[in-house]
Amino acid sequence: MTIVRSIRALCVAACAVFFVAPLSAADSPRERLSLDANWRFHLGDIPLDSFPGGQVIALYGPDFTHSGAKAGHTWGAAARGFDDKNWELVNLPHDWVVEQPFDQKAEKQQGYRPRGIAWYRRTFKLDPSDRGRNIELQFDGVATHCAVYFNGTPVHHNWCGYTSFHIDVTPMVRYGDEVNTIAVRVDAEAMEGWWYEGAGIYRHTWLVKRSPVHIVTDGVYANPVKGANGTWTIPAEVTLANTGSRTASASVDVGVFDSAGRRIAGGRSAPVSIVPLGEAVAKVPVPVASPQLWSVEHPNLYTVRTTALSDNKPVDSVDTACGFRTIRFDAQKGFFLNDQPLKLQGTCNHQDHAGVGVAVPDSIQEFRIRKLKEMGSNAYRTSHNPPSKELLDACDRLGMLVMDETRHFNASPEYLKQLEWLVRRDRNHPAVIL
């Protein structure tokens, strides 16, 4: 366990360096802040009656049921004011299973490591100047099932250890000296695969502050299309939301920038109307003349900068990596990249890494892709589940083709929702071909 903790400490330090780099859209009014540091962790479940809801505020006298059944007054470790000072202090990404001793009675497919249930808690404060902004929590991955509570209210349940999720907590946040509390109950008794899956909040977490009129998470579609006449266009579609109290008129400016930061193309959409708590899609086709193509040997990337404007003033901005390439499969001739035949020489890859379990630092994600390319590989199958965004970013940069895999073939509403999320999150990556 000491070795594992030492490895994790080095990995956390490496990740911390990675996160210091500023956002590309430096002038954007949005803030995307890492929540990875300083979580409290408790291995094992916490009884509901361990702490009354509402910070010991009994709404109806000593009646435990009533005191915890009101909004913001949930029971136990999810409650505001629960005393977690004796819990272990951890940084994310975190995999608690890899720290456990081997147990011959544990599942061999899970590496003979005990799984179980655990809790995480974290607090933060918001400046009063944040009032009126849209506030969102983002979780990139929690293994396996989880329930998320915010300020004593249950706000989300997630049923897949590989999908990310985001939660609009704008109506529930507190400002100034009042503390905001996130609590996450992780159920890793559940298993989705026949391989080592780890357990815990094993990918990154974020706090996003945005204008009431903003671009929703994963709301930019900017995948280039080559026309029959050989010209390229980015048929940009941008989903905008409005958490303000009045109907808003908004448009988007879409600019395309090369690797030197020069704007080489762009366009602005017509205005769209967004009712309070509603969404609208702004569309603008952006022609791009003679772009450098993305390929395995030359993974040329461009940046699509999408800026939302309300009353002709920029209120939000998002940068999206973009690659110009064509793909097709022929039943007799195989795969073609940019109309050139290419043999896929790939590997199937699980997400865990020796020594750190599934809490894989971003630097190791890139290291693995570089090593596979050195070995002659040009294709990567994410066996058998959606990967982290950081891995796909590395494949875009380094020229590794990807078979981006969902967890189950299943037509239930839950799994269709997971598939829709996968497509929406990863639809712009030039590396993804399947």
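Thresholds applied
Residues numbered from 1 in each chain as written. Predicted model: local features only at pLDDT ≥ 70, side-chain atom pairs only at ≥ 80, totals over all residues. Heavy atoms only, no water. Buried < 20%, exposed > 50% of the residue type's maximum accessible area, 1.4 Å probe, protein only. Helix = DSSP H or I, 4+ residues; strand = E, 2+ residues; numbered from the N terminus. Pairing = 2+ DSSP bridges. Axes fitted to C-alpha atoms, helices over the stretch in contact; angles between N-to-C directions. Polar contact = N/O pair within 3.5 Å; in protein donor to acceptor, adjacent residues only side chain to side chain. Contact = heavy atoms within 4.5 Å. Salt bridge = Lys/Arg side-chain N within 4 Å of Asp/Glu carboxyl O. Core = buried A, V, L, I, M, F, W, Y, C linked by side-chain atoms within 4.5 Å.

### Quick look at the pairing of strand β13 (residues 232–242)
Here comes step 1: β13 sits mainly inside the fold: 8 of its 11 residues count as buried.
Here comes step 2: Here 5 bridges tie strand β11 (residues 213–221) to β13, and the two strands are oriented antiparallel to one another. The partner of His214 across the bridge, within β13, is Ala241.
Here comes step 3: Here β13 pairs with strand β17 (residues 278–288) via 11 bridges, running antiparallel. The partner of Thr233 across the bridge, within β17, is Pro287.

### Points about the sheet that holds strand β5 (residues 134–139)
Here comes step 1: An order of β1-β10-β5-β8 is seen for the 4 strands of this open sheet, with the pairing classed as antiparallel. Here the strands that pair on one side only, and so sit at the sheet edges, are β1 (31–34) and β8 (165–168). Pairs of neighbouring strands in the sheet enclose a mean axial angle of 20°, with direction left out of account.
Here comes step 2: Relative to strand β10 (residues 205–210), β5 runs antiparallel, the two being bridged by 6 bridges.

### Focus on the side chain of Asn134
Here comes step 1: Along the chain, the position of Asn134 falls in strand β5.
Here comes step 2: Residue classification places Asn134 among the buried positions, given a relative accessible area of 1%.
Here comes step 3: Within the structure, Asn134 has its side chain in polar contact with the side chain of Asp168 (distance 3.3 Å).
Here comes step 4: In this structure the side chain of Asn134 is engaged in a polar contact, spanning 3.4 Å, whose partner is the side chain of Thr170.
Here comes step 5: Those residues in contact with Asn134 that sit more than four places away from it in its chain are Asp168, Thr170, Val208, Lys209, Arg210, Ser211, Pro212, His214 and Thr243.

### Some remarks on the sheet that holds strand β22 (residues 340–341)
Here comes step 1: Taken together, 3 strands build an open sheet; the order of strands is β20-β21-β22 and the sheet is antiparallel. Of all the strands in the sheet, just β20 (327–330) and β22 have a single pairing partner and so form its edges.
Here comes step 2: Pairing geometry for strand β21 (residues 334–337) and β22, over 2 bridges, is antiparallel. Looking at the pairing, Phe336 lines up with Pro341 of β22.

### Examining the pattern of salt bridges
Here comes step 1: One pass over the full model with this rule turns up 20 salt bridges.
Here comes step 2: With a shortest N-O distance of 3.5 Å, Lys417 and Glu414 are connected by a salt bridge. Of the two residues, Lys417 and Glu414 both sit in helix α5 (residues 413–426), 3 residues apart, roughly one turn of that helix.

### Here we look at the nonpolar core
Here comes step 1: Counting residues in each nonpolar core, the largest one holds 38 residues, and the members touching the most others are Trp39, Trp96, Tyr120, Leu137, Phe139, Ile182 and Val184.
Here comes step 2: Every element with two or more residues in this core is listed here: β2 (39–43), β4 (117–124), β5, β6 (145–150), β8 and β9 (180–187).
Here comes step 3: If we ignore the near neighbours within four places in the chain, the residues touching Ile182 are Leu35, Trp39, Tyr120, Arg121, Arg122, Phe124, Leu137, Phe139, Val148, Tyr149 and Phe150.
Here comes step 4: Counting 29 residues, the second-largest nonpolar core is a separate cluster that includes Ile215, Ala236, Ile274 and Ala282.

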